[in-house]
Amino acid sequence: MSEGVEWALHSCVNLAWSGPDRAVSAARLAAWHELPAAYLNKQLQALARAGILTSAPGPRGGFRLARPLTAISLMDVVAAVEGPEEAFRCAEIRGQGPGAAPEEGRGAECAIAHAMTRAELAWRRALAAQNLDEIRQQAERQAPEAPERLRAWLAEQ
């Protein structure tokens, strides 16, 4: 998984903390964690295409959450940033090279591909079962001052 997923998840929580009436630019969101603005903007655009964020152009524009954090799962963000493709792609190397097994001896499905598919399904289900509001709550328990610090910093613009 790319670091863009982490950045996108933090950005969603930061947008929730900033308040529903404030649009925040990609540059400002990036500056909060000293991230490259152009790369974060790509992640934010992907979230906007997925309907997780909305974006408005112009000097007062920026990004806002398109729906409540309770309606955004971790899997929604991962799929928006990484795409819907499976993380593991079996290239069926059992049929290559000097160790190639005859096709009839390989079986219907590679045991490794089967195990990886089961693991990925469990991983995707776990991400789909957790929403960003749960993450926000945990973050606020760990750093209760974080939302107000962010709002104060954004007000300095």
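Up top is the structure these notes are about.
Notes on the structure in this doc start here. Fair warning: this is a prediction, and the values are worked out from it, not measured in the lab. (Residues numbered from 1 in each chain as written. Predicted model: local features only at pLDDT ≥ 70, side-chain atom pairs only at ≥ 80, totals over all residues. Heavy atoms only, no water.)

**A word on the environment of T54**
Along the chain, the position of T54 falls in strand β1 (residues 53-56). Linking T54 and A23, residues 31 residues apart in sequence, is a C-alpha distance of 9.1 Å. Beyond its immediate chain neighbours, meaning those up to four positions away, T54 contacts G62, F63, R64 and A66. (Helix = DSSP H or I, 4+ residues; strand = E, 2+ residues; numbered from the N terminus. Contact = heavy atoms within 4.5 Å.)

**Focus: the pattern of salt bridges**
Evaluation of the coordinates by the stated rule reveals five salt bridges. Across the pair R67 and D76 runs a salt bridge, and its minimum N-O distance is 3.2 Å. Judged by its relative accessible area of 26%, R67 falls in the partly exposed class. Take D76: its relative accessible area is 28%, and that puts it in the partly exposed class. The partner of R124 in a salt bridge is E120, with the nearest N and O atoms 2.8 Å apart. Highlighted residues: R124 and E120, both in helix α5 (residues 111-128), separated by four residues, approximately one helical turn. You can call E120 buried: its relative accessible area is 10%. (Salt bridge = Lys/Arg side-chain N within 4 Å of Asp/Glu carboxyl O. Buried < 20%, exposed > 50% of the residue type's maximum accessible area, 1.4 Å probe, protein only.)

**Describing helix α6 (residues 132-142)**
Taken residue by residue, α6 has L132, D133 and R136 as its buried positions. Buried residues of α6 fall within an arc of 100 degrees about the axis and therefore sit on the same side. Seen from the buried face of α6, the exposed residues on the opposite side, beyond 90 degrees, are R141 and Q142. Looking at the buried side of α6, the elements it contacts are α1 (3-18) and α4 (74-82). For α6, the N-terminal capping position is held by N131, with its side-chain oxygen 2.8 Å away from the main-chain nitrogen of D133. (Arc of directions from axis to C-beta. Polar contact = N/O pair within 3.5 Å; in protein donor to acceptor, adjacent residues only side chain to side chain.)

**Remarks on the pairing of strand β2 (residues 62-65)**
Sheet analysis places β1 next to β2, joined by four bridges and oriented antiparallel. What sits directly across from T54, in β2, is R64. The antiparallel hairpin formed by β1 and β2 contains five residues in its connecting segment, where G58 sits at a positive phi of about 100 degrees. (Pairing = 2+ DSSP bridges.)

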